Amino acid sequence: MSDTATARFTPAAYADTDHALDAALDRIYLEVLESFEVMIIREHDFGVRRNTLAKIRADDWTFRTLPMYDPAFNRLGPDNAFWLQLKGRRGQGLLATLSMRVWAWDDVEDLFATNRILEDGSAAAPCGSVVTWKGAARPSALRGNLGWLGGAWVDPSLRRRRLPALMLAYAQAVLLRNYKVSYSFGLLEHEKRRLLETSYRFAGVEEGAELMWQGQAIPLLLCWNAAADMMRIVEDTVAGAGETRSSDGVG
């Protein structure tokens, strides 16, 4: 798959890619179920997400309530957002989660400039948090269908195993299959940079973003993958199905 946002595909090429992604999604789902006895459930109701996460004890999870996942500040539905809920098939509650947003034919630099990363302007009052770009140079030109990867949490008992990598690959496969994204991107706290060498796999990493959150300024890394990078991650993950579990977890 091309890594340029302006690429065009024929219906046949799309069909071939979609077939490969469908097969990958099935294989990753089975790997998670067989290896961890955990089911991947794709959700679109972010009110349910808010209520589900309110029951989880995670003192180290600073950004579980970011407004980008809050239906009070964004119009969220199947056309532009989904979240993954990983639950034990033996009745265990939430064991891991990840949230995705999609902007159709948009520009990351403009998302920073307008704060649409956090809110779409549908609320009567602003959310009170702002993401800005403070870097000396402009951020990379990420344009096209943009998919956001964030809101990640994994139960501590599963963090140093393969589950986080499988969950991230599954999410990127959905972004490619259902939303035809040109890029996926996320913002990572500087203090969690180590995750770039363990769970997260991003081709591009840039310093320069800053989040004003609850009265403090938090420097962030802009991390991104082109569609071709995402496809390689999905393919590599499927190829490694059944290997010894050795992936570090997501904080």
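The structure we're discussing is the one just above.
Residues numbered from 1 in each chain as written. Predicted model: local features only at pLDDT ≥ 70, side-chain atom pairs only at ≥ 80, totals over all residues. Heavy atoms only, no water.

> I would appreciate a short explanation of the sheet that holds strand S2 (residues 81-88) in the present structure.
Each strand in a sheet pairs with another by means of backbone hydrogen bonds, the pair being arranged parallel or else antiparallel. On the basis of which strands lie adjacent, the open sheet formed by eight strands has the order S1-S2-S3-S5-S6-S8-S7-S4 and mixed pairing. Only two strands of the sheet have a single neighbouring strand rather than two, namely strand S1 (38-43) and strand S4 (130-133). In this sheet, neighbouring strand axes are inclined to one another by 30° on average, regardless of whether the strands run parallel or antiparallel. Of the strand pairs in this sheet, strand S5 (residues 143-154) and strand S6 (residues 183-189) are connected by three bridges, and their pairing is parallel. The partner of Leu 146 across the bridge, within S6, is Tyr 183. Across the sheet, helix H2 (residues 46-53) is in contact with S2, strand S3 (94-107) and S5; its angle to S2 comes to roughly 40°. Against the sheet, helix H5 (residues 227-239) makes contact with S6 and strand S8 (216-226), and its axis sits at roughly 80° relative to S8, the strand it touches most. (Pairing = 2+ DSSP bridges. Helix = DSSP H or I, 4+ residues; strand = E, 2+ residues; numbered from the N terminus. Axes fitted to C-alpha atoms, helices over the stretch in contact; angles between N-to-C directions. Contact = heavy atoms within 4.5 Å.)

> Got a minute to help me understand H2 in this structure?
Given 3.6 residues per turn, any residue in an α-helix points the same way as the ones three and four places further on. Among the residues of H2, Phe 46, Gly 47, Arg 49, Thr 52 and Leu 53 are the ones counted as buried. Elements that come into contact with the buried residues of H2 comprise S2, S3 and S5. Between the side-chain oxygen of the N-cap and the backbone nitrogen of Gly 47 there are 2.9 Å, and the N-cap of H2 in question is Asp 45. (Buried < 20%, exposed > 50% of the residue type's maximum accessible area, 1.4 Å probe, protein only. Polar contact = N/O pair within 3.5 Å; in protein donor to acceptor, adjacent residues only side chain to side chain.)

> Can you walk me through the environment of Trp 148 in this structure?
With respect to the element layout, Trp 148 can be found in strand S5. For Trp 148, a relative accessible area of 4% corresponds to the buried category. Along the backbone, Trp 148 and Phe 82 are 66 residues apart, and their C-alpha atoms lie at a distance of 10 Å. When near neighbours in sequence (up to four residues on either side) are disregarded, Trp 148 contacts Met 68, Tyr 69, Ser 99, Met 100, Arg 101, Trp 103, Ile 117, Phe 185, Gly 186 and Leu 187. Within polar-contact distance, the side chain of Trp 148 engages the side chain of Tyr 69 at 2.7 Å.

> How should I be thinking about the pattern of salt bridges in this particular structure?
Charged atoms that come close allow side chains of opposite charge to pair. Taken as a whole and assessed by the stated rule, the structure comprises 16 salt bridges. Close ionic contact of Glu 31 with Arg 27 constitutes a salt bridge, the shortest N to O distance being 3.8 Å. Taken together, the residues span about one helical turn, with Glu 31 and Arg 27 both in helix H1 (residues 11-36) at a distance of four residues. Here Glu 31 falls in the buried class, since its relative accessible area comes to 2%. Between Arg 90 and Glu 37 there is a salt bridge, and its shortest N-O distance comes to 2.9 Å. Taken together, the positions of Arg 90 in the loop between S2 and S3 and Glu 37 in the loop between H1 and S1 put the pair 53 residues apart, joining distant regions of the chain. (Salt bridge = Lys/Arg side-chain N within 4 Å of Asp/Glu carboxyl O.)

> Help me understand the side chain of Ser 129 in this model?
Here Ser 129 shows up in the loop between helix H3 (108-114) and S4. On the basis of relative accessibility, which here comes to 6%, the residue Ser 129 falls in the buried class. Apart from residues no more than four positions distant in its own chain, Ser 129 is found in contact with Asn 115, Leu 118, Glu 119, Met 212 and Trp 213.

> So what exactly am I meant to see when it comes to the packing of aromatic side chains here?
What characterises a pair of aromatic rings is the spacing of the ring centres plus the angle enclosed by the ring planes. Inspection of every chain in the model, using the stated rule, returns eight aromatic pairs. Geometrically, the ring pair formed by Phe 63 and Trp 213 is edge-to-face, given 5.7 Å between the ring centres and 75° between the ring planes. Pair noted here: Phe 63 is in the loop between H2 and S2 and Trp 213 is in strand S7 (residues 204-213), with a separation of 150 residues, a long-range link. With a relative accessible area of 5%, Trp 213 lands in the buried category. On the numbers, 6.0 Å between centres and 45° between planes, the contact of Tyr 200 with Phe 202 is tilted. Accessibility classification places Tyr 200 together with Phe 202 in one group, the buried group. (Phe/Tyr/Trp six-rings, centres within 6.5 Å; stacked < 30°, edge-to-face > 60°.)

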